[in-house]
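Working through the structure, step by step
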Amino acid sequence: EKIDVKTSRKSAKSVPVKIPSTSSEIPAHVPYLLVGGGTAGFSAFRAIKSLDAKAKVLILSEEGYLPYMRPPLSKEVWYDPDSEKKDELTFKQWNGSEKSLFYEPEDFYISPKELDENPNGGVAVARGWRVERIDPFKRIAYLEDGHEIKYEKCLLATGAKPKSLNIFSKAPEAIQKHITTFRGIPDYVELNEIVKETDSIAIIGGGFLGSELACALSRRASLENPKLKVYQIFKEPGNMHKVLPEYLSLWTTNKVAKEGVHIIAGSEVQDVKLEGNEVSLMLNDGKKVSVNKVIVAVGVEPNTYLAEKSGLEVDPDCGGFLVNAELEARSHLYAAGDCSCFYDIKFGRRRVEHHDHAVISGRLAGENMVGAGKPYLHQSMFWSDLGPDIGFEAIGIVDSSLPTVAVFAKASEKDSPKAIVAESNDNIRSNLEAQNVSTTSSSPSPVNTQKTSAENTGTDDYGKGIIFYLRDELVVGIVLWNVFRRMTVARQVLKDDRKYDDLNEVAKLFHIFDE
Ligand code: FAD
Ligand code: NAD
Ligand code: NAD
């Protein structure tokens, strides 16, 4: 049952390989069933295992791969063109050290048919298998071929799938060949071949994925295929505009352009035509962009299609399986990660589409499946890197439609994602919070600049800083802009729930003026 990346690659974009190939080798009864083998599912397994050492856990994953992390797929994997280990799906972290996309190697898992008999328990993954329906009352999950799995506790960790735009999904087959979305290993493997040869790629979307991937592909082009032009087309005025205050979004757009990305902001695709070996995108301002490949990065929708057939509730506003603060959808049935709309005791109903949330909510669900009965209290964080030099970390409600107050300081080379990974040797930045923060006393320097959301841009250099997002004058979200290892401080500020007269003073707690 060795994973064969090359075989998976051939069938990658069609149907994933099923391992085991027949459902008769998948147990008919398991104590713990995890539907979805992404980050939330894997994190739940770890939590279950830590509380119940001999637990028998079955993961069912529609993807043809063992559990892996997605963040490097829009970042690090593109910065290393000549790795001979591409087939093993490793990548070089910003500091050059090699790491696998997979959480654990093949031999960490036991085969599904051995799970039931193994006295020490363990975790098995049935790959390429999809759950069609759950009966929460009988506690049965039904696979696509009708195979039934009776569970004691079940987690829905089905994640999300990329959306497309009608203009592309309704286009003729010949055009669709040039269009793709981007979510997992098969998409990466395919695009990795394309970037070597193609002349032009357009990325549609100005959010996390579009912006990170545009920077990464552009850097890759400069290393390997200088003729490749990378366009990024989006309707907002600047990159990550839904998260960053306007002035910072515009500043960031400038930086992305300096990475070599041809940015077309404030634009939407109105029509698409096939012209020879290219597709031509007609934009609303009359412009035309012709490219070989189009990557659509216009957000995701949670995978909740089994809700209706299973009598489960989906949140009408956020989408996602509706769960309480303990992450329960129904008795013995939980949901975590991108697919769940949970009750956050502090900030109300939310659905979060980030790695650390998948880790934290997966862990909480796993603990509760063993009987912990804990509510969601620990806020998750997220991070984003636009290449090795610009990065940010955030916590709470970071919505650019809220008023913001930011304090900036001069940055040096060590204020970059590359420097922090070099120091910590960990590309998953949510892991760094557990490591200690040095809290030497600060002597605030007078060179800081404060900025509110309404102020004008000017020519400021936003090297590093703290951005506070306010609701009813309370700090509800914080972005640490090129500031790393300060998440514990941010978490404390959110927790304090105070009205501050002067956020400049609060910014000093983050030691951004220390040298
Ligand atoms: P997923 O990772 O989507 O996993 C769900 C799994 O369930 C999939 O394998 C799916 O096939 C399977 N599944 C679905 N339905 C069924 C079914 N019915 N039966 C069986 N299996 C099923 N977040 C950050 O915070 N920082 C980052 O830098 C970052 N970078 C990212 C880069 C990329 C390219 C992408 C795509 C995402 C990135 N994210 C990042 C977001 C983060 O990866 C997601 O929030 C996270 O993967 C969510 O985990 P999950 O387990 O909920 O869902
Ligand atoms: P996103 O929600 O961050 O951004 C969506 C983009 O698509 C926005 O620019 C939006 O304006 C645009 N858009 C939406 N509807 C549109 C329409 N009808 N026409 C034109 N444009 C439209 O989602 P994404 O960037 O596609 O990322 C995919 C998923 O992966 C998300 O869940 C995201 O959180 C996650 N992700 C996270 C990170 C990170 O946390 N660092 C990195 C990559 C991906
Ligand atoms: P603002 O950015 O001017 O101020 C935000 C809040 O922070 C205000 O309550 C201000 O008193 C407070 N504040 C400023 N400095 C502070 C400090 N050092 N310590 C503590 N608090 C401090 O935002 P605003 O006044 O709420 O909005 C001004 C205008 O900008 C509005 O018209 C608003 O709609 C618009 N706006 C637009 C967007 C957007 O389009 N994305 C975002 C925000 C604001």
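Described below are features of the structure shown in this document.

Procedures and definitions
- Residue positions are counted from 1 within each chain, in the order its sequence is given.
- Here every chain gets a letter starting at A, and every ligand a number starting at 1, in the order they are written.
- Whole-chain, interface and lining totals are the exception, using all residues; otherwise, since this is a predicted model, local features are given only for residues with pLDDT of at least 70 and side-chain atom pairs are given and counted only at 80 or more.
- Calculation of side-chain values draws on the structure's entire complement of heavy atoms; hydrogens and water are dropped beforehand.
- Here a pair means two rings of Phe, Tyr or Trp (six-membered ring of Trp) with centres within 6.5 Å. Their orientation is stacked below 30 degrees between planes, edge-to-face above 60, and tilted elsewhere.
- Working definition: helices are DSSP H or I runs of at least four residues, strands are E runs of at least two. Numbering for both runs from the N terminus.
- Three labels apply to residues, based on accessible area from a 1.4 Å probe with only protein chains included: buried if under 20% of the type maximum, exposed if over 50%, partly exposed otherwise in between.
- Criterion for a charge above a ring: Arg CZ or Lys NZ at most 6 Å from the ring centre, at most 35 degrees from the ring normal.
- The axes are straight lines fitted to the C-alpha atoms, using for helices just the contacting stretch, and the angles between their N-to-C directions are given from 0 to 180°.
- Angles below 35 degrees are treated as roughly parallel, those above 145 as roughly antiparallel, those between 65 and 115 as roughly perpendicular, and all remaining angles as oblique.
- With the far helix as reference, a near helix turned anticlockwise by less than a right angle produces a left-handed crossing, and one turned clockwise produces a right-handed crossing.
- Between two residues, a contact is recorded if the distance between any of their heavy atoms is within 4.5 Å.
- Here the term charged refers only to Asp, Glu, Lys and Arg, the term nonpolar to Ala, Val, Leu, Ile, Met, Phe, Trp, Tyr, Cys and Pro, and the term polar to all other amino acids, Gly among them.
- Neighbouring residues are identified by heavy atoms, a residue being near a molecule or strand if any of them is within 4 Å of it.
- Throughout this description, a polar contact denotes any pair of N or O atoms lying within 3.5 Å of each other; where both atoms belong to protein, one of them has to be capable of donating a hydrogen while the other can accept it, and for residues adjacent in sequence the pair is counted only when both atoms sit in side chains.
- Using a 1.4 Å probe, the Shrake-Rupley method yields the accessible areas, and only the shown protein chains count as cover for residues.
- Strand pairing is assigned whenever DSSP identifies at least 2 bridges connecting the two strands.

**Thoughts on the packing of aromatic side chains**
Considering all chains together, one arrives at 19 aromatic pairs under this definition. Seen from their ring centres, F42 and F45 are 5.7 Å apart, and the 45° between their planes marks the pair as tilted. Here F45 and F42 lie together in helix 2 (residues 39-51), a separation of three residues that amounts to about one turn. With a relative accessible area of 4%, F45 lands in the buried category. Site record: aromatic cluster; members linked through ring pairs are F208, Y247, W251, F382, F392, F408, Y462 and W481. The cationic tip of R133 hangs over the ring face of Y142; the distance from NZ or CZ to the ring centre is 4.1 Å. Cation over ring: K451 sits above Y247, and NZ or CZ is 5.2 Å from the ring centre.

**Observations regarding the packing of helix 6 (residues 185-197) against helix 7 (residues 208-224)**
The contact between helix 6 and helix 7 brings their axes to 9 Å, and the two run at 50°. Considering the angle they form, helix 6 stands oblique to helix 7. Remark: the crossing between helix 6 and helix 7 carries right-handed chirality. Residues L191, N192, V195 and K196 of helix 6 lie in contact with helix 7, whose contacting residues are L217, R220 and E224. Grouping the amino acids of the contact of helix 6 with helix 7 by side-chain chemistry returns three nonpolar, one polar and three charged.

**A word on the site of ligand 1**
Surrounding ligand 1, one finds 36 residues, the nearest of these being E63, K75, R183, Y305 and D338. E63 places a polar side-chain atom, nitrogen or oxygen, 2.5 Å from an oxygen atom of ligand 1. Within the side chain of Y305, an N or O atom sits 2.6 Å from a nitrogen atom of ligand 1. When isolated, ligand 1 has an accessible area of 990 Å², and the protein chains bury 95% of it. Among the residues forming the shell around ligand 1, the class breakdown is 16 nonpolar, 12 polar and eight charged.

**Section: the sheet that holds strand 26 (residues 404-409)**
Spatial ordering of the open sheet is given by 24-25-29-28-26-27, a layout of six strands whose pairing is antiparallel. Each having just a single partner strand, strand 24 (381-386) and strand 27 (449-452) make up the two edges of the open sheet. Going from strand to strand, the sheet's axes swing by 20° on average, the running direction of each strand aside. Sitting on the sheet, helix 12 (residues 487-496) touches strand 24, strand 25 (390-396) and strand 29 (474-481), and the angle it makes with strand 29 is about 170°.

**What to know about the sheet that holds strand 16 (residues 288-291)**
Taken in spatial order, the three strands of this open sheet run 14-15-16, and their pairing is antiparallel. Each having just a single partner strand, strand 14 (269-275) and strand 16 make up the two edges of the open sheet. The sheet shows a mean angle of 20° between the axes of neighbouring strands, taken without regard to direction. With six bridges joining them, strand 14 and strand 15 (residues 278-283) adopt antiparallel strand pairing. Bridge pairing in strand 15 links E275 to E278.

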